[in-house]
Amino acid sequence: MDCVLSFKIDSGKFYATLEPFNVVPNVKAGGMIGQFDGIIRDIVTVQLSTLSEHLPPIQFPVDFNNQFPVQANSVQIRAGLNMDISTPAHTLKYFLALKEVLIFKEKLFLAMNVKKVGVAK
């Protein structure tokens, strides 16, 4: 079975769906059931061809709220100028939103917008 993987952004949500095509099961039954190879193959083909109806689209988050701590730091400069630079410990908060999805050979490129960047103590 071959499938087409398609992506779409709808109402602020990012979806991936599978559409099966070229469904050719290889059925080999033994004994008395061997007489029903064709029927079993047809049943499996019908069940697999409707896979997209039974498998809901996969939904991915399209926005990410994240934060990470930045450690306090102090740097002394004694070449030419006498200067001390100190930065207190703080938390960097940012929000990413999905902008675009590009599909290349063997690669998937997700473009994100950086929104609502801020620093908190």
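Everything quoted here is computed from the prediction, not taken from an experiment.

1. Brief notes about the overall build of the protein chain
No. 1: Each helix and strand counted, the protein chain has 2 helices and 8 strands in total.
No. 2: Looking at the protein chain as a whole, 10% of its 121 residues are labelled buried.
No. 3: When contacts within the protein chain are restricted to residue pairs at least 6 apart in sequence, long-range pairs at least 24 apart make up 41% of them.
No. 4: Total accessible area on the protein chain stands at roughly 9600 Å², and carbon and sulfur atoms take up 58% of it.

2. A short note on the pairing of strand 2 (residues 13–21)
No. 1: Here strand 1 (residues 2–10) pairs with strand 2 via 9 bridges, running antiparallel. Across the sheet, residue I9 finds its bridge partner in strand 2, namely F14.
No. 2: Examined bridge by bridge, strand 2 and strand 3 (residues 58–60) share 3 bridges and lie antiparallel to one another. In the strand pairing of strand 3, Y15 is matched with Q59.

Criteria and thresholds
- Residues numbered from 1 in each chain as written.
- Predicted model: local features only at pLDDT ≥ 70, side-chain atom pairs only at ≥ 80, totals over all residues.
- Heavy atoms only, no water.
- Helix = DSSP H or I, 4+ residues; strand = E, 2+ residues; numbered from the N terminus.
- Buried < 20%, exposed > 50% of the residue type's maximum accessible area, 1.4 Å probe, protein only.
- Contact = heavy atoms within 4.5 Å.
- Areas by Shrake-Rupley, 256 points an atom, 1.4 Å probe, with all protein chains shown as cover.
- Pairing = 2+ DSSP bridges.

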